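Summary of structural features
Here are the chains, one letter per residue:
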Amino acid sequence: MSSSTSKAIDPSSVELWDHSHHHHDVLSTRTFGFWLYMLSDAMIFALLFAAWGVLSYSHSFAGGPIPADFVKPGYAFLQTLALFGSVLAYGFTMVALKNGNKAGVISGLWGALILGAAFLALDINDVVHLLDAGITPQRSGGLSAFFILTQTHALHILFGLLWMLVMLVQVSRFGFTTEVVGRMLTLRLFWHFQAVIWVFVFVFVYLRGMLI
Amino acid sequence: MLVDLQGPWSPLLGRLALSQIPYENHILAPLFVVVVILGLAIIAAISYFGKWGYLWREWLTTVDHKKIGIMYILIGLVMLFRGFMDALMIRTQQAMAVGPDAPGYLGALHGYLAPYHFGQIYSAHGVIMILLAATPLLVGIMNVIVPLQIGARDMAYPYLNALGLWVTAAAAALVMVSLFVGDFSHNGWFGIAPIFELSYSPGVGVDYWMWVMQLTALGSTLGSINILATVVKMRAPGMTWLRLPIFTWAAVASNIIALTSFPALTVALALIGFDRYLGTHFFTAGLGGNLMLYTNLFWIWGHPEVYFVILPAFGMISEIIPTFSEKPLFGYVTMVLATFGIAGASWAVWLHHFFTMGAGPAVNSFFSVATMLVGIPTGVKVFNWAFTMYRGRLRFETAMLWAVGAVFLLLLGGLTGMMLAIPAINYMVHNSVFVIAHFHQMLLVIVYAIFGAVTYWWPKVFGFKLNEAWGKAVFWLFTAGSVLVFVPMFTLGFMGMTRRLDYVFNTQWQPLLDIQVLGIAVYSLSVLAFVGMLYVSIRDHAKNQVSVDAWGTARSLEWMTPSPVPFYNFAVVPHINARDEWAWRKEHGFTDLRPDHYEDIHMPKNTGIPLILGALMFLLGFGLTWRIWWLCALSLALIIALVIIRSFDSDTGYTIPADEVERMERGHHERARAVDLPAAGVLGGAIAYGQADPAVKGQGAALGGGMTSPEGSRV
Amino acid sequence: MSHDNPLQHPEVQVASGRGYLLTFLVSTLLMGVALFLVTSHSVAPFGLMLALSLCAGLAVIVQIYFLMHMDLSEAQIWNTFALVLTIPLFILAIGLTAWMFQELYQRTMVMLPGMPGMLH
Ligand code: HEM
Ligand SMILES: [Cu+2]
């Protein structure tokens, strides 16, 4: 390309150095990197689903309890409502952020936090009951896959709640600085993505599990 | 919830006990003494010369991508040496333990390494060479070069970059600690289900292996995010995608693979962890577990991983060959497409590592065909390199020797890979040393490319060239060693020798094993020559100073910066006008590297937090390995707390005023002018070409003038 | 683009209460339909799988568009690009794994009739 022709170029017509003062976009650089992380996180879930696919044949449960014996789909739907509600609340938080409404952001965050905690409480309650009933991840390969997949999602929720707490402090302390807004944006990616993962967990682990 | 352990456990020390220190071992105990003495000597030397402050300010807390890259490379070199010592032991043991009459020493029945010890050595060798030698070396070179090639001041996330480095360092430290505290896995580098389950491997070896691999997975994921975001978001104005230097393209493809495939390793290892710590049944032989699920998950990562390491190597070859052929790269666009073709195809071939699982003809055929398809883009690359050299003005300097050597090895490794990709052949040679020879050819491609790249970019980073004569000695010794080790290995593979043998039953194989020992001896000489090369080059560095364009015929953007590169890379960000910008500027005489005015530069501040986080990761890995729960809880809590605390710190950058930049730049230019005069004589050949043949006008031109005067360099 | 005020950034401005509400309603509805299909036992297994996958797929598409804001606008194009690049890999990883083990089990496991595996 370059060495093909060497016809003289007028030095005054070429731009050799960048003096355009272009600022690189800090916020989207940040969200892009975080999004890449989310995709690799999604790959973790994809492979857990692959493991669940391999370990959810009837023989995977080694004669022990199968999901049809213990999954309560209505209960899982309640969790769905809590999580989708939390995601919606975080959505309204972002609308408040767009309008520079600090009180709105704070109350939105609280809403998302409480509904997310409700989801987690439902999940923990469910797990405790299962363990009490002797339905444990140690019972069979199928149950190992069931528990690890669902609880990996729950762990993400826990992490998100912790993050929201931090953001509550930072929003009230620093206001809407570039850093804080950047973190609100990445948390949005994180939190909303948990809804996407949950759709798969709900449908392909809880509901589909009932058909094994 | 936790499994019951066989053997003692205490709340304070977990499974750790004095008996876990192998002080009665005849190899490890003396080695330990040597390491301690060396460590003390280094600490004493740093204190004596009062260099702690320098070390802390300039290296340990740095967020400069070049220094981080150099530290990655240092880790890689140290671990390369450790892996090489393992190889030395594997080769000598196999040659000594042939036939029932072979004598035994140091408590071994045959040879000098008991099976249990031998198993740890080959497992550690594989893990170290792939994840802690090749990967850090490549990541280090990408770290140094990619931002320079795209005209950026640093990575997109300098802080994350440092974190990736220290996580990798934690992994390296953990694998080294396993030498002296407890033992390492003897399950091979990829782990064999269900032997790694707690009931069959009750010790801490597998745990060490698991956590070392987890840490490298974390480090690589962080690193890949950084490189991808850097290339997408930080390119200088005018640096369109089709002007991107080819090494940067390779880095992009390679890091896409890393980003998407390392999660598979994370998952595979985490599930082993659940089996070993919680007693789940993912990979157990009974109760609904599935052994092959592990193998499957591992190779979903494992195969893309081998391309993660080879694509940057291809990129390096693609930079070196044009420079020393004094021609632009042939078929740039096809090269890019081939790179992505390989990256894409590498995602649908992993079952070729376990054809013998017996998933049936349809599955095996699919993966066989998919594997062979990889040969097409690989072939495109080989032809592109060949056509680049065709009618070029070839200069066989050391870097070029390595690059051309790599291409030959690629042919050998690729063709044997094609053989392995045919299930009917694979059923015969699977798990034989033929496979070992195949992938060592491939990994040698990487080693060759790395040595080439180190030679090639060394002057850019340090401001002087490595000694050519010694470099060529390293090359030829290394090549002789490779031939002597791996030709017999291919032969032994065909003769039926399986891999990982601590005892060789067939006495007829003795001569071939002996030749391999000769080969590893020659390899050892090349290691000595490498050290000699470093010594001589550093001793004579004043004589080998270079200015911007060290080789005279380089083409891409990194050669427009002073050598060594200042910490801010570009005083003023260049505006890109062409693919191979520097070649274009030389051709049109725009070689004056002084812009008309300078501006303030904003740079990230140093921080010690990544280093501390790395240390905590190490403690976490150590605590998990030994099941010291309080240590795990404490280090995890500290990690989370530190991340949160850091997020409250908004003062993470500083500004260098324009006149300060100008002052520093003047220093660089003065140095370059001083260097240029003698250097012109040394590299006169390159200039002479430029003058003699108008067809390559301008390619070597900048050297005469360098940065001093644009007129002078217009040949 | 000047981002002196981070709130003016396109990724902040893209927020839309209506879109979020719509996503909530649509995905809750779809999950409810899936729940009903499974608990009412009104569809044959094969059709049921298809219907379930359809519900999940639709919900996810809606969420990716309205919640994650994946589109071709200048602010989002790279995120969308990265997603589009990785989706085939998810499919390969899950699909090929499912396929190879399905084939393997057919050859090595006793598959009880009337007890279908997950992936039939
Ligand atoms: C044309 C390209 C290639 C083909 C067709 C190919 C094919 C194969 C096949 C079929 C196997 C399985 C052998 C067996 O275990 O029975 C294999 C193993 C292996 N290959 Fe390749 N390969 C290629 C390129 C590479 C590259 C570029 C690398 C690394 C940089 C590599 C590294 C490995 C490794 C590490 C193993 C074996 C790992 C182990 O079993 O420990 N291969 N290759
Ligand atoms: Cu492979």
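Note that the structure is a prediction, hence the values are computed from the model and not measured.

**Focus on the coordination of the iron atom of ligand 1**
All names here are of chain B. A lone protein donor binds the iron atom of ligand 1: H438 (NE2), at 2.2 Å. Separating the iron atom of ligand 1 from the copper ion (ligand 2) is a gap of 4.3 Å. Mapping H438 onto the fold places it in helix α14 (residues 433–462).

**Observations regarding the environment of C:V33**
Among the structural elements, C:V33 can be located in helix α2 (residues 17–40). For the pair formed by C:V33 and C:C55, sequence separation is 22 residues and the distance between their alpha carbons is 7.6 Å.

**Side note on the domain arrangement of chain C**
Residues and elements named next belong to chain C. Assigned domains within chain C: domain 1 (1–69) and domain 2 (72–108). Put simply, the middle of domain 1 and the middle of domain 2, counted by C-alpha atoms, are 19 Å apart. Each side of the interface is counted separately: domain 1 has 6 residues, and domain 2 has 4 residues. Around 380 Å² of area is buried between domain 1 and domain 2 when both sides are counted, 57% of it from carbon and sulfur atoms. It is E11, I64 and H69 in domain 1 that bury the most area against domain 2; as a group they hold 69% of the surface buried on that side. Summed over the shared surface of domain 1 and domain 2, the result is 0 salt bridges. Applying the counting criterion to the domain 1 and domain 2 interface returns 0 residue pairs in polar contact (both at pLDDT 80 or more).

**Some thoughts on the coordination of the copper ion (ligand 2)**
Residue and element names in this part refer to chain B. Taken together, the protein donors to the copper ion (ligand 2) comprise H303 (ND1), H352 (NE2) and H353 (NE2), at separations of 1.8 to 2.0 Å. In primary sequence terms, the donor set of the copper ion (ligand 2) follows H-x48-H-H. By relative accessible area, H303 is classed as buried at 5%. Judged by its relative accessible area of 14%, H352 falls in the buried class.

**Quick notes on the pattern of salt bridges**
All names here are of chain B. Throughout the structure, instances matching the rule amount to 17 salt bridges over all chains. A salt bridge links R393 to E326, with the shortest nitrogen-to-oxygen separation between them at 3.7 Å. Taken together, the residues R393 in the loop between α11 (375–389) and α12 (398–420) and E326 in the loop between α8 (291–325) and α9 (332–345) connect sequence positions 67 residues apart. On the accessibility criterion, R393 (23% relative accessible area) is partly exposed.

**A short note on the site of ligand 1**
All names here are of chain B. Near ligand 1, the surroundings consist of 21 residues, among which W189, N426, H430, H438 and R499 are the closest. H430 places a side-chain nitrogen or oxygen 2.6 Å from an oxygen atom of ligand 1. The side chain of H438 places a nitrogen or oxygen atom 2.8 Å from a nitrogen atom of ligand 1. Contributing elements (two or more residues each) for the shell around ligand 1: α8, α12 and α14. For the shell around ligand 1, the element with the most residues is α14, which contributes 5 residues. Of the residues belonging to the shell around ligand 1, the class tally is 13 nonpolar, 7 polar and 1 charged.

**Focus on the interface of chain A and chain B**
Facing the 51 residues of chain A at the interface are 61 residues of chain B. Summed over both sides, the interface between chain A and chain B buries roughly 4800 Å², with carbon and sulfur atoms accounting for 71% of that surface. Linking chain A with chain B are 13 residue pairs in polar contact (both at pLDDT 80 or more). Secondary-structure elements contributing two or more residues to the side of chain A that touches chain B are α1 (26–54), α5 (141–174) and α6 (178–209) of chain A. Ranked by residue count, the leading element in the side of chain A that touches chain B is α1(A), at 14 residues.

**A word on the interface of chain A and chain C**
The partner chain C presents 54 residues to the 58 residues of chain A that form the contact. Carbon and sulfur atoms make up 78% of the area that chain A and chain C hide from each other, which totals about 5100 Å². Considering only the side of chain A, the residues that lose the most area to chain C are A:Y57, A:K98 and A:R208, jointly responsible for 13% of the buried surface there. Across the contact surface, chain A and chain C share 0 salt bridges. In this structure, the connection of chain A to chain C is made through 10 residue pairs in polar contact (both at pLDDT 80 or more).

**Brief notes about the packing of helix α3 (residues 73–98) of chain A against helix α4 (residues 102–132) of chain A**
Residues and elements named next belong to chain A. At a closest axis distance of 8 Å, the pairing of α3 and α4 adopts a crossing angle of 165°. Taken together, α3 and α4 sit at an angle that is classed as roughly antiparallel. At the point where α3 passes α4, the crossing takes the left-handed sense. For the contact of α3 with α4, the class distribution of residues is 15 nonpolar, 9 polar and 2 charged.

**Things to note about the side chain of B:H65**
All names here are of chain B. When you line up the elements, H65 lands in helix α3 (residues 65–96). Here N143 takes part through its backbone oxygen, which lies 2.7 Å from a polar atom of the side chain of H65. Looking at H65, its side chain comes within polar contact range of the side chain of N569, at 2.9 Å. Among residues more than four places away in sequence, those in contact with H65 are N143, V144, P147, L148, R153, D154, M155, N161 and N569.

What counts, and where the lines are drawn
Residues numbered from 1 in each chain as written. Chains lettered and ligands numbered in written order. Predicted model: local features only at pLDDT ≥ 70, side-chain atom pairs only at ≥ 80, totals over all residues. Heavy atoms only, no water. Donors = N, O, S within 2.8 Å, 3.2 Å for Na, K, Ca; no water. Helix = DSSP H or I, 4+ residues; strand = E, 2+ residues; numbered from the N terminus. Domains from an automatic or database assignment. Contact = heavy atoms within 4.5 Å. Buried area = accessible area lost by both parts, 1.4 Å probe. Salt bridge = Lys/Arg side-chain N within 4 Å of Asp/Glu carboxyl O. Polar contact = N/O pair within 3.5 Å; in protein donor to acceptor, adjacent residues only side chain to side chain. Buried < 20%, exposed > 50% of the residue type's maximum accessible area, 1.4 Å probe, protein only. Near = heavy atom within 4 Å. Nonpolar A, V, L, I, M, F, W, Y, C, P; charged D, E, K, R; others polar. Axes fitted to C-alpha atoms, helices over the stretch in contact; angles between N-to-C directions. Parallel < 35°, antiparallel > 145°, perpendicular 65-115°, else oblique. Left-handed = near helix turned anticlockwise from the far one by under 90°.

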